[in-house]
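# Close look at the chain arrangement
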Amino acid sequence: MRQAGIYSGIRSGPHALPLARIKKIMKQSGDDVKMISGEAPIVFAKACELFIKELTQKSWNVTIQGKRRILHKDDVASTVVSTDVFDFLASLVSGDCSEQVSPVEKEVAILES
């Protein structure tokens, strides 16, 4: 059986996100960023993994409440609108989703988190 190569897209290490890409994004963030330590991209990778996991879990709960088994964009948008922690993403989701979340659903989401 063939081993997964570097370019196969399969990650065998502890990091699910590509550290080189994270470092490249960090360098592009501003002209004053010249050097980045080796540990910084690792910390950012872990933070991104935790963020994605949390957003996915909360969005999956919305999917389950809708009695579905497929996660849709609207589920993620609804989660962003109804969770205060994700308010910084509100401008990225469509505006029509904000009307779908009732104040009661928002309170339930706050109490669950």
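Quick look at the structure, then. (Residues numbered from 1 in each chain as written. Predicted model: local features only at pLDDT ≥ 70, side-chain atom pairs only at ≥ 80, totals over all residues. Heavy atoms only, no water.)

### Comments concerning the nonpolar core
Heads up, the rule is: In these notes, a set of buried Ala, Val, Leu, Ile, Met, Phe, Trp, Tyr and Cys residues joined through side-chain atoms within 4.5 Å is what counts as a nonpolar core. Categorising residues by exposure relies on relative accessible area from a 1.4 Å probe, with only protein chains included: less than 20% of the type maximum marks a residue as buried, more than 50% marks it as exposed, and the intermediate range marks it as partly exposed. Numbering of helices and strands runs from the N terminus, with a helix taken as a DSSP run of H or I at least four residues long and a strand as a DSSP run of E at least two residues long. In this analysis, two residues are considered to be in contact whenever any of their non-hydrogen atoms come within 4.5 Å of each other.
If you look at the biggest cluster of nonpolar residues, it comprises 7 residues: Leu55, Ala77, Val80, Val81, Phe86, Leu89 and Val93. At 3 residues, the largest contribution of residues to this core is made by helix H3 (residues 73-82). Contacts of Leu89, omitting those with residues within four sequence positions, involve Phe51 and Val80. Counting 5 residues, the second-largest nonpolar core is a separate cluster that includes Met26, Ile36, Ala40 and Ala45.

### Quick word on the environment of Ile64
With respect to the helices and strands, the residue Ile64 is situated in helix H2 (residues 39-65). Between the alpha carbons of Ile64 and Asp75 there is a distance of 9.8 Å; along the sequence they are 11 residues apart.

### Overview of the packing of aromatic side chains
This is how it is decided: Side-chain rings of Phe, Tyr and Trp (the six-membered ring for Trp) are treated as a pair once their centres are within 6.5 Å; stacked means planes under 30 degrees apart, edge-to-face means over 60, and tilted covers the remaining angles.
Considering all chains together, one arrives at 2 aromatic pairs under this definition. Each ring, one from Phe51 and one from Phe86, has its centre 5.9 Å from the other, and the planes form 75°; the classification is edge-to-face. Note that Phe51 is positioned in helix H2 and Phe86 in the loop between H3 and helix H4 (103-112), a separation of 35 residues in sequence. Residue class for Phe51 comes out partly exposed when judged on its relative accessible area of 30%. Taking the centre distance of 6.1 Å and the plane angle of 40° together, the rings of Phe51 and Phe88 count as tilted. Residue Phe51 is located in helix H2, and its partner Phe88 is located in the loop between H3 and H4; the two are separated by 37 residues in the primary sequence. Each residue in the set Phe51, Phe86 and Phe88 is aromatic and connected to the rest through ring pairs, giving one cluster.

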